[in-house]
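One letter stands for each residue in the lines below.
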Amino acid sequence: MIIQIAQGHQPPPNPDGVTVVIDVIRAFTTSFYAFRGGASRILPVPDPQAAFALRERYPDALLAGEIDALPIEGFQFGNSPWEISQANVRGRTLIMRTTNGVTATLNARPCAALFVAALVNAAATARAIKKLVPEKVVLVASHPTGDEDVACAEYISHLLGGSGITQDEAIARTRNARAAQKFYAGTHPRLRAVDIDMAAQCEAEGFAMRVADDDELTIQALPA
Ligand SMILES: O=C(O)[C@H](CS(=O)(=O)O)OP(=O)(O)O
Ligand SMILES: [Mg+2]
């Protein structure tokens, strides 16, 4: 298996292989906890206007996301795993806008199979990739300059049998990442340290999250 690690909002084309877009702080940690709470699907969108327009089509949908890490006016949730874990999202569609993870996901085609992942479901993602027996895997660290998504990519690479780092190293690099520091600073009530506690966890079981091309690009939890 060829494993390539890329970084930023423009994943390299991978028409015959598996692409994984990674966002540890916080988009796909938030997504993981939305599915754990029973959300049925997540529809990624590029901006708030697109989110409000899509909700016209799905009036029961809930809106989650951020601009500059802060909640968006008129959205029910920030891009926060803790907020989502406290809410009742069972059976609901989420429409999500975030700066890095969602943007890179919207740009990830062409690829034969597309996953989104965070550290919390790195192991489940690696298992789901292995089942597909791909010749090539592209692991995309969606933050263009941060270290947390690169660390997760290196951990998934290790789990796939390539070179990489341990779970403990990935956790430490998440906690020490530049993007994490504003959550520890206590300068805004919606930037909570608990979001980083939730992002800096690895679950041995968990579930993978796959992106399907339905009417809209749709993120779904795969059965464990
Ligand atoms: O809200 C987030 O956690 C980030 C923005 S930042 O890196 O913290 O400034 O968005 P995401 O798309 O989840 O990386
Ligand atoms: Mg991020």
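Residues numbered from 1 in each chain as written. Chains lettered and ligands numbered in written order. Predicted model: local features only at pLDDT ≥ 70, side-chain atom pairs only at ≥ 80, totals over all residues. Heavy atoms only, no water.

### Thoughts on the overall build of the protein
Within the protein, the regular secondary structure consists of 9 helices and 10 strands. Radius of gyration (C-alpha) of the protein: 16 Å, near the 17 Å computed for a compact globule of 224 residues. Across its three principal axes, the protein shows a C-alpha extent of roughly 45 × 40 × 30 Å. Going through the 224 residues of the protein one by one, you find that 55% of them count as buried. (Helix = DSSP H or I, 4+ residues; strand = E, 2+ residues; numbered from the N terminus. Rg over C-alpha atoms; globule rule 2.2 N^0.38 Å. Buried < 20%, exposed > 50% of the residue type's maximum accessible area, 1.4 Å probe, protein only.)

### Observations regarding the side chain of Glu66
Within the secondary structure, Glu66 is located in strand β4 (residues 62-67). Given the relative accessible area of 5%, Glu66 is considered buried. Within the structure, the side chain of Glu66 is placed 2.7 Å from the backbone nitrogen of Ala69, a separation counted as a polar contact. Ignoring any residue separated from it by four or fewer positions in sequence, one finds Glu66 in contact with Arg26, Ile72, Asn79, Arg97, Thr98 and Thr99. (Polar contact = N/O pair within 3.5 Å; in protein donor to acceptor, adjacent residues only side chain to side chain. Contact = heavy atoms within 4.5 Å.)

### Considerations on unusual backbone geometry
Ile25 connects to Arg26 through a cis peptide bond whose omega is 0 degrees. In this structure, Pro110 follows Arg109 across a cis peptide bond, with omega equal to 5 degrees. As for its placement among the helices and strands, Pro110 is situated in the loop between α4 (101-106) and β7 (111-117). Despite not being glycine, Asp68 has its phi angle at roughly 55 degrees, a positive value. Note on placement: Asp68 falls in the loop between β4 and β5 (70-71). Despite not being glycine, Ala69 has its phi angle at roughly 75 degrees, a positive value. The residue Ala69 is located in the loop between β4 and β5 in this model. Owing to a relative accessible area of 12%, Ala69 belongs among the buried residues under this scheme.

### A closer look at the environment of Phe207
Note that Phe207 resides in the loop between α9 (193-199) and β9 (209-213). Setting aside chain neighbours within four positions, we find Phe207 in contact with Phe32, Phe35, Arg36, Asn121, Ala124, Ala221 and Leu222.

### A few points about the pattern of salt bridges
One pass over the full model with this rule turns up 10 salt bridges. A salt bridge links Arg192 to Glu83; its shortest N-O distance comes to 2.9 Å. Of this pair, Arg192 sits in the loop between α8 (178-184) and α9 while Glu83 sits in helix α3 (residues 81-86), placing them 109 residues apart in sequence. With respect to burial, Arg192 and Glu83 carry one shared label: buried. One salt bridge in this structure joins Arg175 and Asp197, with 3.0 Å as the shortest N-O distance. Residue Arg175 is found in helix α7 (residues 167-176), and its partner Asp197 is found in helix α9; the two are separated by 22 residues along the sequence. When salt bridges that share partners are traced, they join Glu83, Arg190 and Arg192 into one network. (Salt bridge = Lys/Arg side-chain N within 4 Å of Asp/Glu carboxyl O.)

### Some thoughts on the coordination of the magnesium ion (ligand 2)
Listed as protein donors to the magnesium ion (ligand 2) are Asp23 (OD) and Ile25 (O); their distances from the metal cover 2.0 to 2.3 Å. Ile25 matches Asp23 in its accessibility class, with the two residues each being buried. (Donors = N, O, S within 2.8 Å, 3.2 Å for Na, K, Ca; no water.)

### A closer look at the site of ligand 1
Neighbouring ligand 1 are 13 residues; Asp23, Arg26, Thr98, Asn100 and Lys182 lie closest to it. At 2.8 Å, a side-chain N or O of Asp23 approaches an oxygen atom of ligand 1. Taking 360 Å² as the accessible area of ligand 1 by itself, protein coverage stands at 92%. Of the residues contributing to the shell around ligand 1, the split by class is 3 nonpolar, 6 polar and 4 charged. (Near = heavy atom within 4 Å. Areas by Shrake-Rupley, 256 points an atom, 1.4 Å probe, with all protein chains shown as cover. Nonpolar A, V, L, I, M, F, W, Y, C, P; charged D, E, K, R; others polar.)

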